[in-house]
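One-letter residues, chain by chain:
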Amino acid sequence: MFRPALLAIPLAVAVCTSAGIAFASDSPARHERAAVAAAPPAGTLQIVLRQQSFRLVDLPPKRSGDGPPSPGDESITAYRVLDASGAKRLGRAHFVCTSLDRRGEHEQCAGTIALPDGQLATQGDADNVAVVGGSGAYAGARGTALGQDHPDSVDVTVHFLP
């Protein structure tokens, strides 16, 4: 799906909520707003990621030339997040992936996708990306993310679970 050189995406972040403040008032309208804000997202979200920066942290043993990363090496990738058409910038995404084997075939990744109305947290490997939480409009989010690689971008579809 999205590999560092092929554009890696998986991410993980702790989920933050602040429901206690909403229930401090006796106002029914405030209770209704809190209930709406607490509902996790549903359906799908389509975005486009364009790589902004990439850095490989090569820990010992150092790789030779353009060889694959060794276990423990990390890639740090930043992306611009665009709407589904790729025309409007919506936010940013950051991912850290750790190599798990000597051939550079397996990695574990974590990061966040920051959007105008909140953040999504994901985690997994390049082929199996789980949405593990979020904040703001994405509080309580869970589901999967699938990507379609292109030469200069990745089309991402996030499928939220109910």
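To start, this report covers the structure provided alongside it. (Residues numbered from 1 in each chain as written. Predicted model: local features only at pLDDT ≥ 70, side-chain atom pairs only at ≥ 80, totals over all residues. Heavy atoms only, no water.)

With that out of the way, let us pick up the overall build of the protein chain. Helices and strands together make up the secondary structure of the protein chain, namely two helices and eight strands. Counting from the amino terminus, helix and strand elements in the protein chain follow one another as α-α-β-β-β-β-β-β-β-β. Taking the contacts inside the protein chain whose residues are at least 6 apart along the sequence as the reference set, 52% of them involve residues at least 24 apart. Accessible area for the protein chain stands at about 8,900 Å²; split by element, carbon and sulfur atoms hold 56% of it. (Helix = DSSP H or I, 4+ residues; strand = E, 2+ residues; numbered from the N terminus. Contact = heavy atoms within 4.5 Å. Areas by Shrake-Rupley, 256 points an atom, 1.4 Å probe, with all protein chains shown as cover.)

Time to look at the nonpolar core. In terms of nonpolar packing, the biggest core is built from 19 residues, with L45, L49, I113, L120 and V158 touching the most fellow members. Listed by contribution, the elements that provide at least two residues to this core are β1 (44-57), β2 (74-82), β3 (89-99), β4 (107-115), β6 (129-136) and β8 (154-160). The leading source of residues in this core is β8, at four residues. Leave out the neighbours within four places in its chain, and L45 touches L115, L120, Y138, V156, T157, V158 and F160. (Core = buried A, V, L, I, M, F, W, Y, C linked by side-chain atoms within 4.5 Å. Buried < 20%, exposed > 50% of the residue type's maximum accessible area, 1.4 Å probe, protein only.)

Sheet analysis places strand β5 (residues 118-124) next to β6, joined by seven bridges and oriented antiparallel. For G124, the partnering residue across the bridge sits in β6 and is V129. Between β5 and β6, which pair antiparallel in sequence order, lie four residues. Where β6 lies against strand β7 (residues 143-149), three bridges are found, and the strand directions are antiparallel. Among the inter-strand pairings, V131 is bridged to a residue of β7, identified as G143. What sits between β6 and β7 in their antiparallel hairpin is a turn of six residues, with G140 showing a positive phi close to 80°. (Pairing = 2+ DSSP bridges.)

What follows covers unusual backbone geometry. Glycine aside, residues mostly have negative phi angles, and peptide bonds mostly take the trans form. Geometrically, the link from P60 to P61 is a cis peptide bond, its omega value of -5° lying close to zero. Mapping P61 onto the fold places it in the loop between β1 and β2.

In total, this model carries one disulfide according to the counting rule given. Through a disulfide, C97 is tied to C109; the S-S separation comes to 2.1 Å. In this structure, the disulfide formed by C97 and C109 twists by about 115° around the S-S bond and is classed as right-handed. Within this pair, whereas C97 is found in strand β3, its partner C109 is found in strand β4, the two being separated by 12 residues in sequence. The pair formed by C97 and C109 is uniform in burial state, with each residue classed as buried. (Disulfide = S-S within 2.5 Å.)

It is worth spelling out the packing of aromatic side chains at this point. Within the structure shown, the criterion is met by two aromatic pairs. Ring centres 5.4 Å apart and planes at 70° place the aromatic pair Y79 and F95 in the edge-to-face group. Taken as a pair, Y79 in strand β2 and F95 in strand β3 lie far apart in primary sequence, 16 residues in all. We note that Y79, like F95, is buried. A ring pair is formed by Y138 and F160, whose centres lie 6.2 Å apart and whose planes are at 20°; its orientation type is stacked. Of this pair, Y138 sits in the loop between β6 and β7 while F160 sits in strand β8, and the two are 22 residues apart along the sequence. The pair Y138 / F160 is uniform in exposure class, with both members buried. (Phe/Tyr/Trp six-rings, centres within 6.5 Å; stacked < 30°, edge-to-face > 60°.)

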